[in-house]
Amino acid sequence: PILPKSIHDTLKYNYTTPYFISAYQNKTLYHGGNYIFKTTDRGDTWKVISPNISISSNQDKMSNAAGALVESPIKKGLLFVGTDKGAFWVSKNDGMHWEEFSIGLANYYIRSISASRFKTSRVYLSMTGINNDDLHHYIYVSEDYGAHWKSIANGLPDEPFNIIKEDPTNENILYAGGLRGVFVSLNRGLDWSLLGNNLPQTAVADLEIHTPTMDLVVATHGRGLYKTSLKPIQQYMNSQIFKAKNHFFEIDTLKRPWFNSNGGEALQKSIEKVDFTFWLNQAQLLTICIRDKSNKEIWKINFEGKPGFNTYRWDLVLSKKESDEPYFIEYKNFIDAGKYTLMATSPTDYFEEPFSVVNGISPYLNN
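Scope of this entry: the structure provided in the associated data block. Computed from a predicted structure; not experimentally measured. (Residues numbered from 1 in each chain as written. Predicted model: local features only at pLDDT ≥ 70, side-chain atom pairs only at ≥ 80, totals over all residues. Heavy atoms only, no water.)

### Some remarks on the pattern of salt bridges
Here comes step 1: Under the definition given, this model contains 15 salt bridges.
Here comes step 2: Between E159 and R180 there is a salt bridge whose closest N-O contact spans 2.7 Å. On the criterion of sequence distance, the pair formed by E159 in the loop between β12 (150-151) and β13 (161-166) and R180 in the loop between β14 (174-178) and β15 (181-185) is long-range, its members being 21 residues apart.
Here comes step 3: Since its relative accessible area comes to 8%, E159 is described here as buried.
Here comes step 4: Judged by its relative accessible area of 41%, R180 falls in the partly exposed class. (Salt bridge = Lys/Arg side-chain N within 4 Å of Asp/Glu carboxyl O. Helix = DSSP H or I, 4+ residues; strand = E, 2+ residues; numbered from the N terminus. Buried < 20%, exposed > 50% of the residue type's maximum accessible area, 1.4 Å probe, protein only.)

In structure tokens form, the structure reads like this:
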């Protein structure tokens, strides 16, 4: 398609303009207004690859511009676009031809689209009616590229949701960010549960899954950033561990912080807490300890466990010493590199999990 001559009078964008770098070619970007643009040279030149998507076949869905734009992670050139009035567009050939599939969707702002990595024709979307004073939830799935839509909001608070994400390892796991937190579904949206209890009840603006570490990164409307590991959920869903059995989930290798070469204290920016996550079949008081390779106990806490997932975040510190004396630097005794065992005991049970600790390597070491 060719843009009209009066380009400055016809181009429109939403306040949050969608764009992305293609996963198939790192110099290729897509950018969405009331037209979809594509560049294959990192933005030096652009071309229009869509009709005016603000013009819908449904008068009630006549829009301003794109609200969400994605490419399928399993089929190159399969593009999905949603507008601020609920019009949904699909191109299966990288913009050469477009179809509108909007029947069954509300006439509201499509904030996010998640194209499935398990089935080419499956796509999820979330929309919000907050601009129209509609504070209900709108989350949908389609199994046929958008030709038919089904709500999967059952079990969610009836309030706006800005973002939906599919888990990269299991098609049954979904994550949704709403007005007051993040929710998870383990059955592709049949029902939902609140994910964690330490995230402030603030509006979630975006979710991103960092696949190398499987951390879920949460961005809030208040410009806060939070993260949580998804590995325990993935291991729970992908393993055959019996739910009635108490157990630790696999523990990633722990990295010690970097240390100042003069004072010997740890550099604060290199200290990162680690997660000990475990499953309990019922509420119970646990004693959790760490033993070294000689079976000597080097660290211990008491923990009031709840049924289901539990997480204790640890700073790798075995002991601390503080003093008001001049020139005294707070002393923290961090765990040494080596192999250890994490153990949990209760009056009726015992379970353990091995883990390793390695030294953190400063990127400034050779500078």
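There's plenty left to go through after this.
### Quick look at the pairing of strand β18 (residues 215-220)
Here comes step 1: Alignment of strand β17 (residues 204-210) against β18, held across 6 bridges, turns out to be antiparallel. Following the sheet pairing, H210 is matched in β18 by D215.
Here comes step 2: Where β17 hands over to β18, the hairpin turn is made up of 4 residues, of which M214 adopts a positive phi near 55°.
Here comes step 3: Inspection of the sheet shows β18 paired to strand β19 (residues 225-229) by 5 bridges, in the antiparallel sense. Counterpart to D215 in the pairing with β19 is S229.
Here comes step 4: Adjacent in sequence and paired antiparallel, β18 and β19 are bridged by 4 residues, among which R223 carries a positive phi angle near 70°. (Pairing = 2+ DSSP bridges.)

### Brief notes about the sheet that holds β15
Here comes step 1: Spatially, the 4 strands line up as an open sheet ordered β13-β14-β15-β16, and their pairing is antiparallel. Single-partner strands in this sheet number two, and they are β13 and β16 (193-194).
Here comes step 2: The pairing of β15 with β16 spans 2 bridges and is antiparallel. Its bridge partner lying in β16, F183 is registered against L194.

### Let's talk about the layout of surface pockets
It is the rolling of a water-molecule-sized probe over the atoms that shows where space remains empty.
Here comes step 1: Counted as a void, the largest pocket has a volume near 1,300 Å³.
Here comes step 2: Lining of the largest pocket is provided by 37 residues; of these, L69, V70, I113, K165 and E208 occupy positions nearest its centre.
Here comes step 3: If you list the elements that add at least two residues to the lining of the largest pocket, you get β1 (19-21), β5 (66-71), β9 (109-115), β13 and β17.
Here comes step 4: Here the lining of the largest pocket gets 6 residues from one element, more than from any other, and that element is β9.
Here comes step 5: Here the residues of the lining of the largest pocket are counted per class, giving 20 nonpolar, 9 polar and 8 charged. (1 Å grid on protein atoms, 1.4 Å probe; cavity = no way out; pocket = protein on both sides within 12 Å on 5 of 7 lines; lining within 4 Å. Points joined across faces, edges and corners; volume = space filled by probe spheres on them. Nonpolar A, V, L, I, M, F, W, Y, C, P; charged D, E, K, R; others polar.)

### Here's the deal with the packing of aromatic side chains
Here comes step 1: Inspection of every chain in the model, using the stated rule, returns 22 aromatic pairs.
Here comes step 2: An angle of 25° between the planes, with centres 5.7 Å apart, marks the rings of Y340 and F355 as stacked. Placement of Y340 in strand β28 (residues 338-345) and of F355 in strand β29 (residues 350-358) is noted, with a sequence separation of 15 residues between them.
Here comes step 3: A residue is classified by how much of its surface remains accessible, and Y340, at 10% relative accessible area, is buried. (Phe/Tyr/Trp six-rings, centres within 6.5 Å; stacked < 30°, edge-to-face > 60°.)

### A short note on the sheet that holds β18
Here comes step 1: Here 3 strands make up an open sheet; going across it, the order is β17-β18-β19 and the pairing antiparallel. Two strands in the sheet have a free side with no partner beyond their single neighbour: β17 and β19. On average, adjacent strands in this sheet sit at an angle of 20° to one another, irrespective of strand direction. (Axes fitted to C-alpha atoms, helices over the stretch in contact; angles between N-to-C directions.)

### Points about the nonpolar core
Here comes step 1: Residues L254, F276, I288, I290, W314 and F355 are the most contacted members of the largest nonpolar core, which totals 25 residues.
Here comes step 2: Dropping the residues within four chain positions of it, I290 is found in contact with F276, K296, E297, I298, W299, W314, I335, Y340, T341, L342 and F355. (Core = buried A, V, L, I, M, F, W, Y, C linked by side-chain atoms within 4.5 Å. Contact = heavy atoms within 4.5 Å.)

### Some points on the side chain of H247
Here comes step 1: Relative to the elements of secondary structure, H247 occurs in strand β20 (residues 247-248).
Here comes step 2: Residue classification places H247 among the buried positions, given a relative accessible area of 9%.
Here comes step 3: Reaching out from H247, the side chain makes a polar contact with the backbone oxygen of K245 at a distance of 2.8 Å. (Polar contact = N/O pair within 3.5 Å; in protein donor to acceptor, adjacent residues only side chain to side chain.)

### Here we look at the environment of E265
Here comes step 1: Relative to the helices and strands, E265 resides in the loop between β21 (254-255) and β22 (274-280).
Here comes step 2: Overall, the relative accessible area of 26% leaves E265 in the partly exposed class.
Here comes step 3: The sequence separation of E265 and S50 amounts to 215 residues, and the corresponding C-alpha distance is 58 Å.

### Overview of the side chain of S121
Here comes step 1: Structurally, the position occupied by S121 is in the loop between β9 and β10 (123-129).
Here comes step 2: For S121, a relative accessible area of 10% gives the class buried.
Here comes step 3: A polar side-chain atom of S121 sits 2.6 Å from the main-chain carbonyl oxygen of E143.
Here comes step 4: Among all residues touching S121, those that are not within four sequence positions of it are S142, E143, D144 and Y145.

### Here we look at unusual backbone geometry
Here comes step 1: Backbone geometry places D94, a non-glycine residue, at a positive phi of 60°.
Here comes step 2: For D94, the position within the fold is in the loop between β7 (88-91) and β8 (99-100).
Here comes step 3: Look at N295: it is not a glycine, yet its phi comes out positive at around 70°.
Here comes step 4: Secondary-structure assignment places N295 in the loop between β23 (284-291) and β24 (297-305).
Here comes step 5: The exposure class of N295 is partly exposed, given its relative accessible area of 47%.

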